[in-house]
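Architecture at a glance
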Amino acid sequence: MRWATFAKGLQRTARIGAYLIALLLAVNWAACALDSLGRPFFDIGRPAVGDVIISIVNVFSLAPQSALLFALFLVCLKLMVGALLLATFICAIYERLRWGRCDDAMLDVALLVSALASAASAFPGLTHGGEMLNEIIGELMLCLIASGLAIYGRGYLVQDELPAPMRSQDSAMIRAA
């Protein structure tokens, strides 16, 4: 009996930890986006990132003036990832207070989006290496840890959520005929 109570406490702590990591990632994405908004040419002025943005604009044969719009688009994507992670945290609190339970589906999607955005932003780090690649690896590790904690927190297959196998009357009558 004590072990079951201890395991439930560990699962609850793991889920809380996963949501707190998601909140940390939301703050990180929002801070990076606000840092980029504060620069005169967004991320174009950053040493390695600006080169990659300009080369992507050249690959798609866009006008040179559209490099600034593309940089603004990337800043907006950073804000949207941060907003999704923050909304995940707020919705989990709301669902827990309103219905007493919360589903981790939104957390899983938000962590996947954050991991994909981190992987997509790894291109300048891969081409130039150094500190930029370390930041991206840290973000990916946080996504992985939060996902693992969420899986442990809810259990792989929760017995309460599995439907009990039942045979309907219609299928029994069809088999009898």
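Note on numbering: residues in each chain are counted from 1, in written sequence order. Note on the predicted model: pLDDT of at least 70 is required for a residue's local features to be given, and 80 or more for side-chain atom pairs to be given and counted; whole-chain, interface and lining totals, by contrast, use all residues. With hydrogens and water stripped out, all remaining heavy atoms of the structure feed into the side-chain values.

1. Considerations on the overall build of the protein
Here is the rule we go by: A run of H or I in DSSP becomes a helix once it reaches four residues, and a run of E becomes a strand once it reaches two; helices and strands are each numbered from the N terminus. Whether two residues touch is decided by their heavy atoms; if any such pair falls within 4.5 Å, the residues are in contact. The Shrake-Rupley method, run with a 1.4 Å probe sphere, supplies the accessible areas, and residue values consider only the shown protein chains as cover.
Of the regular secondary structure elements, the protein holds seven helices and zero strands. Ordered by position from N to C terminus, the α and β elements of the protein give α-α-α-α-α-α-α. Once local pairs closer than 6 in sequence are excluded, the contacts in the protein between residues at least 24 apart make up 71%. Total accessible area on the protein stands at roughly 11900 Å², and carbon and sulfur atoms take up 70% of it.

2. What to know about helix 4 (residues 105-120)
Filter applied, for reference: An expected span of 1.5 Å times one less than the residue number is assigned to each helix. Any residue under 20% of the maximum accessible area for its type is buried, any over 50% is exposed, and the rest in between are partly exposed; the area is computed with a 1.4 Å probe on protein chains only. As used here, the arc is the angular range of directions from the helix axis to the C-beta atoms.
The terminal C-alpha atoms of helix 4 lie 22 Å apart, and with 16 residues this matches the ideal 22 Å at 1.5 Å per residue to within 8%. Within helix 4, burial applies to L107, A110, L111, S114, A117 and S118. When helix 4 is viewed along its axis, its buried side chains cluster within an angular range of 125 degrees and face the same direction. Exposed side of helix 4, more than 90 degrees from the buried face: L112, L116 and A120 are the residues found there.

3. What about a nonpolar patch on the surface?
To keep it simple, the criterion reads: Here the term patch refers to residues with relative accessible area over 30% and no salt bridge, with like charges joined within 9 Å and nonpolar side chains (Val, Leu, Ile, Met, Phe, Trp, Tyr) within 5 Å. Should a side-chain nitrogen of Lys or Arg be within 4 Å of a carboxyl oxygen of Asp or Glu, the pair is scored as a salt bridge.
A cluster of nonpolar residues, L34, L37, L69, L72 and L79, forms a patch on the protein surface that exposes about 430 Å² of accessible area. At the level of secondary structure, the elements contributing two or more residues to the nonpolar patch comprise helix 1 (2-38) and helix 3 (66-99). If you tally residues by element for the nonpolar patch, the top one is helix 3, at three residues. Mapping L37 onto the fold places it in helix 1.

4. As for the environment of R96
Here R96 lies in helix 3. If we skip the residues at most four places from it in the chain, R96 touches R12, R101 and C102.

5. Here we look at the packing of aromatic side chains
Threshold: The rule is short: rings of Phe, Tyr and Trp, with Trp giving its six-membered ring, pair when the centres are within 6.5 Å, and they are stacked under 30 degrees, edge-to-face over 60, tilted in between.
Across all of its chains, the model carries two aromatic pairs by this definition. Here Y94 and W99 contribute two aromatic rings whose centre-to-centre distance is 5.9 Å and whose plane-to-plane angle is 85 degrees, an arrangement assigned as edge-to-face.

6. As for the confidence of the model for the protein
Rules: Known as pLDDT, the predictor's per-residue confidence is scaled from 0 to 100.
This prediction gives the protein a mean pLDDT of 82; 81% of its residues lie at or above 70. Across the protein, helix 4 holds the top mean pLDDT of 92, while helix 7 (residues 169-176) sits lowest at 59.

7. So, the packing of helix 1 against helix 4
Defined as follows: To get an axis, fit a line to the C-alpha atoms, keeping to the stretch in contact for a helix; angles then go from 0 to 180 degrees between the N-to-C directions. Under this scheme an angle from 65 to 115 degrees is roughly perpendicular, one under 35 degrees roughly parallel, and one over 145 degrees roughly antiparallel; angles in between are oblique. Throughout, a crossing is termed right-handed when the near helix is turned clockwise from the far one, and left-handed when it is turned anticlockwise from it by less than a right angle. Put simply, Ala, Val, Leu, Ile, Met, Phe, Trp, Tyr, Cys and Pro go in the nonpolar bin, Asp, Glu, Lys and Arg in the charged bin, and everything else, Gly too, in the polar bin.
Where helix 1 contacts helix 4, the axes come no closer than 11 Å and their chain directions differ by 40 degrees. With respect to helix 4, the element helix 1 is oriented oblique. Of the two possible hands of crossing, helix 1 and helix 4 adopt the one that is left-handed. Residue-level contacts link A18, Y19, A22, L25 and W29 of helix 1 to L107, L111, S114, A117 and S118 of helix 4. For the contact of helix 1 with helix 4, the class distribution of residues is eight nonpolar, two polar and no charged.

8. A short note on the nonpolar core
Worth spelling out the cut-off: Buried Ala, Val, Leu, Ile, Met, Phe, Trp, Tyr and Cys residues that are joined via side-chain atoms within 4.5 Å together make up what is termed a nonpolar core.
In this structure, Y19, L25, W29, V81, L85, L107 and L111 are the most contacted members of the largest nonpolar core, which totals 19 residues. When contributions to this core are tallied by element, the ones reaching two or more residues are helix 1, helix 3, helix 4 and helix 6 (131-154). When residues in this core are grouped by element, the largest group, seven residues, is from helix 1. Contact partners of W29, with chain neighbours within four places excluded, come to K78, V81, G82, L85, S114, A117, S118 and E139. A33, V49, V75 and M132 belong to the second-largest nonpolar core, a separate cluster that totals seven residues.

9. Some details on the pattern of salt bridges
Overall, the coordinates contain three salt bridges when judged by the stated rule. When the shortest N-O distance is used, the salt bridge between R15 and D104 registers 3.0 Å. Here the residue R15 occupies a position in helix 1, and D104 occupies one in the loop between helix 3 and helix 4, the gap between them amounting to 89 residues. Between D108 and R154 there is a salt bridge, with its nearest N and O atoms 3.1 Å apart. Taken together, the positions of D108 in helix 4 and R154 in helix 6 put the pair 46 residues apart, joining distant regions of the chain. A relative accessible area of 26% places R154 in the partly exposed class.

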